[in-house]
Amino acid sequence: QQQVKQSPQSLIVQKGGIPIINCAYENTAFDYFPWYQQFPGKGPALLIAIRPDVSEKKEGRFTISFNKSAKQFSLHIMDSQPGDSATYFCAASPSNTGKLIFGQGTTLQVKP
Amino acid sequence: GAGVSQTPSNKVTEKGKYVELRCDPISGHTALYWYRQSLGQGPEFLIYFQGTGAADDSGLPNDRFFAVRPEGSVSTLKIQRTERGDSAVYLCASSLVLGGEQYFGPGTRLTVT
């Protein structure tokens, strides 16, 4: 019940494409859902986060879609660029703790 | 402003030795978190602090692991009698308030030989 399942494990798109990464959770106590981007040798960097009171949130080229009834959320990257090539992690937590449970990660490659 | 800093960036130690890993959170952040990331995996929660007290240490794998935050700012993760399985990147994060947006440091890569 504590797991967050992320897919796909890896993804290759052409520049300008829209990669989509999906996550699913079981624990209904989760109410905070951030996405992190990680480059090799660096710590995870917060990209965007959503809470269940909205179904979609956009920040720049990044969009989170959230489906509370299905307990699923996804990240879309618009107009992807080679510089977006990185590993992306979804996470979830009860907001009163900040104890993040991470997905397994998706390695994204954006080809020029 | 300065982000979360962690020292050392790399630590190589022999099996059975004691190590300390340090985390300096963002100034003013009251909550501090430790995670461990094995190669090819997502970060795994270890412990978090609200102020000086360990609010939740349920992720610490066993009693060889201990963490402190004596003055509510800097934190130290301590590992006794290290084992090869402890090899991983240890990440620290901080947030302004408990449950707020977490900002991660660059991590300490621990290698136990």
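Before reading on, note that the structure itself is shown above.
Residues numbered from 1 in each chain as written. Chains lettered and ligands numbered in written order. Predicted model: local features only at pLDDT ≥ 70, side-chain atom pairs only at ≥ 80, totals over all residues. Heavy atoms only, no water.

A. Spatial organisation of the interface of chain B and chain A. Contact residues are listed per partner, giving 21 residues for chain B and 19 residues for chain A. A buried area of about 1,500 Å², summed over both sides, lies between chain B and chain A, and 54% of it is on carbon and sulfur atoms. For the pair chain B and chain A, the number of links is one salt bridge. The residue D56 of chain B makes a salt bridge to K99 of chain A at a minimum N-O spacing of 3.8 Å. For the interface between chain B and chain A, the tally reads six residue pairs in polar contact (both at pLDDT 80 or more). Listing elements by their share of the side of chain B that touches chain A, those giving two or more residues are β4 (31-37), β5 (44-50) and β10 (103-104) of chain B. The leading source of residues in the side of chain B that touches chain A is β4 of chain B, at three residues. Residues belonging to the side of chain B that touches chain A are distributed by class as follows: ten nonpolar, nine polar and two charged. (Contact = heavy atoms within 4.5 Å. Buried area = accessible area lost by both parts, 1.4 Å probe. Salt bridge = Lys/Arg side-chain N within 4 Å of Asp/Glu carboxyl O. Polar contact = N/O pair within 3.5 Å; in protein donor to acceptor, adjacent residues only side chain to side chain. Helix = DSSP H or I, 4+ residues; strand = E, 2+ residues; numbered from the N terminus. Nonpolar A, V, L, I, M, F, W, Y, C, P; charged D, E, K, R; others polar.)

B. Spatial organisation of the state of the cysteines. All names here are of chain A. A full pass over the atoms with the stated rule returns two disulfides over all chains. The disulfide partner of C23 is C90, and the S-S distance across this bridge is 1.9 Å. In this structure, the disulfide formed by C23 and C90 twists by about -95 degrees around the S-S bond and is classed as left-handed. With C23 in strand β3 (residues 20-25) and C90 in strand β9 (residues 86-92), the pair connects residues that are 67 residues apart, well separated along the chain. (Disulfide = S-S within 2.5 Å.)

C. Structural context of the sheet that holds strand β3 (residues 19-24) of chain B. All names here are of chain B. Taking strand neighbours across the sheet as the criterion, the four strands line up as β1-β3-β8-β7 in an open arrangement whose pairing is antiparallel. Only two strands of the sheet have a single neighbouring strand rather than two, namely β1 (5-7) and β7 (65-68). Between one strand axis and the next, the sheet turns by 15 degrees as a mean value, whatever way the strands run. Sheet topology note: the β1/β3 ladder contains three bridges and is antiparallel. Residue pairing for β3: Q6 is matched across the bridge by C23. (Pairing = 2+ DSSP bridges. Axes fitted to C-alpha atoms, helices over the stretch in contact; angles between N-to-C directions.)

D. The arrangement of the environment of S80 of chain A in detail. Residues and elements named next belong to chain A. Mapped onto the elements of the fold, S80 is located in the loop between β8 (72-77) and β9. Owing to a relative accessible area of 0%, S80 belongs among the buried residues under this scheme. Through-space distance from the C-alpha of S80 to that of P112 is 9.8 Å; in sequence the pair is 32 residues apart. Among residues more than four places away in sequence, those in contact with S80 are V13, Q14, K15, G16, G17, P19, R61 and V110. (Buried < 20%, exposed > 50% of the residue type's maximum accessible area, 1.4 Å probe, protein only.)

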